[in-house]
Amino acid sequence: MKDKKRAVALGYNGYHAPKVKAKATDQLALELIEALSEQGALIHQDAHLLAWLDRLDKDDEIPPELYRVIAELIAYAWVLEGKTPPGWQGHTPIDTLV
């Protein structure tokens, strides 16, 4: 039996826990990934994380058990996009403090 393709899209407003914004399988999963890629969204592939996220329904917040891993992915994505969290504007990186 061939494994189904699956995709889960998360949304984050910067203040509350990220939520599941879309879920798809098979061809729709491929189309979701393609559409998000075209919009400039960052795509992360991790079968174990997907298994956790796939248990959630659309508009569910991620559970506390996933806060750290999702926070690290969001932080990395923000760094790549040159963003900072609210309240961090103008902070000095720790390696430049004396």
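So, here is what we can say about the structure in this document. Just so you know, these numbers come straight off a predicted model, no measurement behind them.

**Observations regarding the pattern of salt bridges**
Right, so step 1: Counting across every chain of the model gives five salt bridges.
Right, so step 2: The salt bridge partner of D54 is K23, with a shortest N-O separation of 3.6 Å. In this pair, D54 sits in the loop between α2 (47-53) and α3 (67-81) while K23 sits in strand β2 (residues 19-25), placing the two residues 31 residues apart along the sequence.
Right, so step 3: Across the salt bridge formed by E72 and R68, the nearest N and O atoms sit 3.2 Å from each other.

**Let's talk about the nonpolar core**
Right, so step 1: By size, the foremost hydrophobic cluster in this structure holds 11 residues: V8, V20, L49, L50, L53, L56, I62, L66, I70, I74 and W78.
Right, so step 2: Mapped onto this core, the elements with two or more residues apiece are α2 and α3.
Right, so step 3: Look past the residues within four positions of L66 in its chain and what remains in contact with it is L49, W52 and L53.
Right, so step 4: Core analysis: the next-biggest nonpolar cluster, separate from the first, contains six residues, A7, A24, A29 and L32 among them.

**Remarks on unusual backbone geometry**
Leaving glycine aside, a negative phi is the common case for residues, and trans is the common case for peptide bonds.
Right, so step 1: Its identity as a non-glycine residue notwithstanding, D26 has a phi of 50°, on the positive side.
Right, so step 2: Positionally, D26 belongs in helix α1 (residues 26-38).
Right, so step 3: Looking at D26, the relative accessible area reads 36%, which means it is partly exposed.

Calculation notes
- Residues numbered from 1 in each chain as written.
- Predicted model: local features only at pLDDT ≥ 70, side-chain atom pairs only at ≥ 80, totals over all residues.
- Heavy atoms only, no water.
- Salt bridge = Lys/Arg side-chain N within 4 Å of Asp/Glu carboxyl O.
- Helix = DSSP H or I, 4+ residues; strand = E, 2+ residues; numbered from the N terminus.
- Core = buried A, V, L, I, M, F, W, Y, C linked by side-chain atoms within 4.5 Å.
- Buried < 20%, exposed > 50% of the residue type's maximum accessible area, 1.4 Å probe, protein only.
- Contact = heavy atoms within 4.5 Å.

Function-wise, these values are silent; they only describe arrangement.
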